[in-house]
Amino acid sequence: MRLVLTSLTYNDVKPHLKTLVDKLFDRVPAGVGSTGFVKLTKDEFRKVVVEGAEWCIKKGYGWEEDLERTELNGKADWADVSKVSSKAIERGFKQIGTLGSGNHYLEIQVVKPENIFDQELAKKWGLFPNQVVIMFHCGSRGFGHQIGTDYLQLFLSVMERKYGIKILDQELACAPFNSPEGQDYFKAMAGGVNMSFANRQVILHRIREVFSDVFKQDAESLGLKMVFDVSHNRASLEEHEVDGKKKKLIVHRKGSTGSYPAGRVEIPKLYRDDGSPVIIGGSMETGSYLLVGGEKAHETFMSTAHGSGRTMSRTKARNIYSGDKLQKEMMQRGIYIKSVSFSGLAEEAGGAYKDIDDVIEATHMSGISKKVVKFVPIGNVKG
Amino acid sequence: MPYKFLEDVAIADVAFEAAGKTMEEMFESSALAVTNTQVKDLKSVKSRVKRKIAVDGDSSEMLLFNFLQELIFLKDAKLLLFSKFKIEITQMKGIYKLKSEASGEKLDMRKHELLVDVKAVSLHNFKVLKTKSGWKAEVILDV
């Protein structure tokens, strides 16, 4: 998940909204089996797997300052590409710069004046009333999943035989962290994290190109600065307090976001005194939030939700909603949406998700993360 | 086409149940369900490309898992979608072997109405069962 600022207001963007979304749709491929503009050899892709977003900056796909606004500075430095199968490489090397499908999206959003909850922090992080921001959600595409599948198969073959571990759910296949298999997986997984940083970095580059093209100004003067970039699916070695004692733990956040209170080493220096920025995406019809890591976050090992969560299956949503009708209705409400397929759109209808405001209110009241700003959508590219 | 998508099993993912009189038929149904998760109309996927697929596994479950996983791999790596399968399964000394000739074509957004990208087969509640009338599988796909 990545959040990007602009210095533009809703009134500046409104006349260009359709052009912007159409161009973004062209420049950031989405949907089943989409491939990107950045053509890489497999060997070059292996460098991406090791270097993450750093690779992108070296190649001119971004600004140096983007890295300090990305968790881990855009590079999980323990990645070892020799632990990644050639199958995973083959699956991923054409996918840099693509959104994917399902709940992945690229959205243009507005900060309504009444939706700023923490004035001081919003201002400090570069947010202002009526501002237009860009939020997008995607990860390492098939690459990370292939790594997962490869190691799932490996763990299944050694878990019981070699380590005597019995589990009830095969999907939770595992190996001890300090075993050769466990360590290999940790290093391969870091490669998946790096691919996701690089993927989002290249997409940001495309967004800057599109805005610059439409507004005939360079991206710097349009204020297209990053707020934050965060993974939703990775394991992290962190220190936490367990029964009054400090312990080093592996925290696996799957469909979950880190929410660190001020001072934690996991937070990029830029934000360390504030708490980590927490981005939670809602449905395409309702809105999304920026929060900050709260004082009670230790109760959930500094983890929070990454979205509002579905209330019904995709099949059910497709039976209830019609994609083209939804697109027209949203247009009337001022949200211009472009999708690869109407069926895909129907699956993502606002009604198929929980009410994001309820989810955020619960998060806020629990003290795990505190509300900073809510964003409402005006344009959306869907996979 | 004996498979059906299940509505309330895994709301954030896609779940299906596939059946067949023989193990081969059930594998074919499962493979079609994977394609149909990604493309609205199976008939829109024509038989223009043939591809041989061979996988093995130490159980019928792992054989199906590996087979479906291979189809997902080919969708990303070669952009291939399949709508017809000839399948042969053998078993020797506890090792199951599958040989298949899959027919389909390259994914094309103009021809195929695409639904959702399948990223992996989940082993959560993954089941292959022998029934009175043949074989049945229950599968959840990560999307």
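### Considerations on the layout of surface pockets
All names here are of chain A. The computed volume of the second largest pocket comes to approximately 460 Å³. In terms of residue count, strand S5 (residues 233-242) provides more of the lining of the second largest pocket than any other element does, three residues in total. For the lining of the second largest pocket, the per-class residue count stands at 12 nonpolar, five polar and six charged. Two domains each donate at least three residues to the lining of the second largest pocket, and these are domain 1 (1-30 + 105-135 + 231-383) and domain 2 (32-100 + 138-229).

### Looking at the interface of chain A and chain B
The partner chain B presents 37 residues to the 37 residues of chain A that form the contact. Between chain A and chain B lies a buried interface of about 3,100 Å² when both sides are counted; carbon and sulfur atoms form 55% of it. For the chain A face of the interface with chain B, the top three residues by lost area are Val-32, Arg-91 and His-145 of chain A, together amounting to 20%. Our enumeration of links across chain A and chain B arrives at five salt bridges. Its salt-bridge partner being Glu-70 of chain B, residue Lys-87 of chain A comes within 2.5 Å of it at the nearest N-O pair. Where chain A meets chain B, there are 17 residue pairs in polar contact (both at pLDDT 80 or more).

### Looking at the domain arrangement of chain A
Residue and element names in this part refer to chain A. Splitting chain A by domain gives domain 1 (1-30 + 105-135 + 231-383) and domain 2 (32-100 + 138-229). Between domain 1 and domain 2, the C-alpha centre-to-centre distance is 20 Å. Across the contact, 37 residues belong to domain 1 and 42 residues belong to domain 2. Both faces combined, the contact of domain 1 with domain 2 buries some 3,700 Å², and carbon together with sulfur accounts for 66% of it. Among the residues domain 1 hides against domain 2, the three largest losses belong to Arg-2, Arg-27 and Arg-234. Together they make up 20% of the total. Taken together, the connections running from domain 1 to domain 2 amount to four salt bridges. A salt bridge links Lys-23 to Asp-213, with the shortest nitrogen-to-oxygen separation between them at 3.1 Å. Taken together, domain 1 and domain 2 are joined by 13 residue pairs in polar contact (both at pLDDT 80 or more).

### Here's the deal with the state of the cysteines
All names here are of chain A. Tallying each qualifying case throughout the model produces zero disulfides over all chains. Unpaired in this structure, Cys-56 has its nearest cysteine sulfur neighbour in Cys-138, at a distance of 12 Å. Looking at Cys-138, the relative accessible area reads 3%, which means it is buried.

Here is what the cut-offs are and how they apply
Residues numbered from 1 in each chain as written. Chains lettered and ligands numbered in written order. Predicted model: local features only at pLDDT ≥ 70, side-chain atom pairs only at ≥ 80, totals over all residues. Heavy atoms only, no water. 1 Å grid on protein atoms, 1.4 Å probe; cavity = no way out; pocket = protein on both sides within 12 Å on 5 of 7 lines; lining within 4 Å. Points joined across faces, edges and corners; volume = space filled by probe spheres on them. Helix = DSSP H or I, 4+ residues; strand = E, 2+ residues; numbered from the N terminus. Nonpolar A, V, L, I, M, F, W, Y, C, P; charged D, E, K, R; others polar. Domains from an automatic or database assignment. Contact = heavy atoms within 4.5 Å. Buried area = accessible area lost by both parts, 1.4 Å probe. Salt bridge = Lys/Arg side-chain N within 4 Å of Asp/Glu carboxyl O. Polar contact = N/O pair within 3.5 Å; in protein donor to acceptor, adjacent residues only side chain to side chain. Disulfide = S-S within 2.5 Å. Buried < 20%, exposed > 50% of the residue type's maximum accessible area, 1.4 Å probe, protein only.

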